[in-house]
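Observations on chain architecture
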Amino acid sequence: AILAIGRRANKPFAIGYMPNAGYPETRAALARKVSQEQQVETPAANVVVTCGAAGGLNAFSRAVLEPGDEVMCPSPYFVEYGFYAGNFGGRLVPVPTKLPSFSLDVPAMEKAITSKTRVVIVNSPNNPTGQIYSATELKALAAALKRHSKKNGRPIYLVSDEPYRFLNFDRAEIPSVFARYDASVVIGSFSKSLSLAGERIGYIAVCPTFKGAAELIGGVTLTNRILGFVNAP
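Keep in mind that what you see is a predicted model, and the values were worked out from it rather than measured.

Re a nonpolar patch on the surface
Together, Phe-166, Leu-167 and Phe-169 give the surface a local cluster of nonpolar side chains, amounting to about 340 Å² of exposed area. Mapped onto the elements, Leu-167 comes out in the loop between β5 (157-161) and β6 (184-189). Under the relative-accessibility criterion, Leu-167 is labelled partly exposed at 39%.

Some remarks on the sheet that holds β5
Strand order across the open sheet formed by 7 strands is β1-β7-β6-β5-β4-β2-β3, with mixed pairing between neighbours. Looking at strand neighbours, the two that pair on one side only are β1 (47-51) and β3 (91-96), the edges of this open sheet. Direction aside, neighbouring strands of the sheet carry axes that sit 25 degrees apart on average. On top of the sheet, helix α2 (residues 24-38) reaches β1, β6 and β7 (201-206); it is set at about 105 degrees to β1, its chief contact. Sheet contacts for helix α7 (residues 213-225): β1, β5, β6 and β7; angle to β1, the most-contacted strand, approximately 25 degrees.

Reading guide: rules and limits
- Residues numbered from 1 in each chain as written.
- Predicted model: local features only at pLDDT ≥ 70, side-chain atom pairs only at ≥ 80, totals over all residues.
- Heavy atoms only, no water.
- Patch = residues over 30% accessible without salt bridge, like charges linked within 9 Å, V, L, I, M, F, W, Y side chains within 5 Å.
- Areas by Shrake-Rupley, 256 points an atom, 1.4 Å probe, with all protein chains shown as cover.
- Salt bridge = Lys/Arg side-chain N within 4 Å of Asp/Glu carboxyl O.
- Helix = DSSP H or I, 4+ residues; strand = E, 2+ residues; numbered from the N terminus.
- Buried < 20%, exposed > 50% of the residue type's maximum accessible area, 1.4 Å probe, protein only.
- Pairing = 2+ DSSP bridges.
- Axes fitted to C-alpha atoms, helices over the stretch in contact; angles between N-to-C directions.
- Contact = heavy atoms within 4.5 Å.

Here's what the structure looks like:
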């Protein structure tokens, strides 16, 4: 997509604002990539191009969080998650993983769920531990989130932060979250895999079986455009 833009740079309106969700051809290419990785056919309409994975996490947080909402993640975790939640009135709730394997402690995570839990972030392969969460772990986590989403009367989103998916040199399975939980979102980036950190190329993909997918994509498309305007505390 970047090369295509360069080839038409001398055409009228070639250098200007892109659609808020990204160029259609880029979204289509990303949808093919996500469909293959998640083993669930995902349309281009369910993908939004973002300013890196960090931009995707912030756009998503702004779209779904209300002041006081809780964002859960296994610990150890990427330290900026606390800022991504706090930027929009949320609070990060880390839950320790099992030692020494750093595998998910799903019973502990379920125990930490409250009526304010809005998002659970899993980062697999994990930064900083390198742990890949298994299909069994994700299935158990999805079951817990389904129970509490029904109890809370609103979906608890499962966000899979996957900028390190390519760091899998022993060909271990990186399980699909789309295949296990409808209210799931994949956020990715090419900063590491293509050594393009300064280009800030990332994306958000929403599970196609989620009933609120179109509304969520609409919200993220808006927050993706106005991300620079953060409410002061």
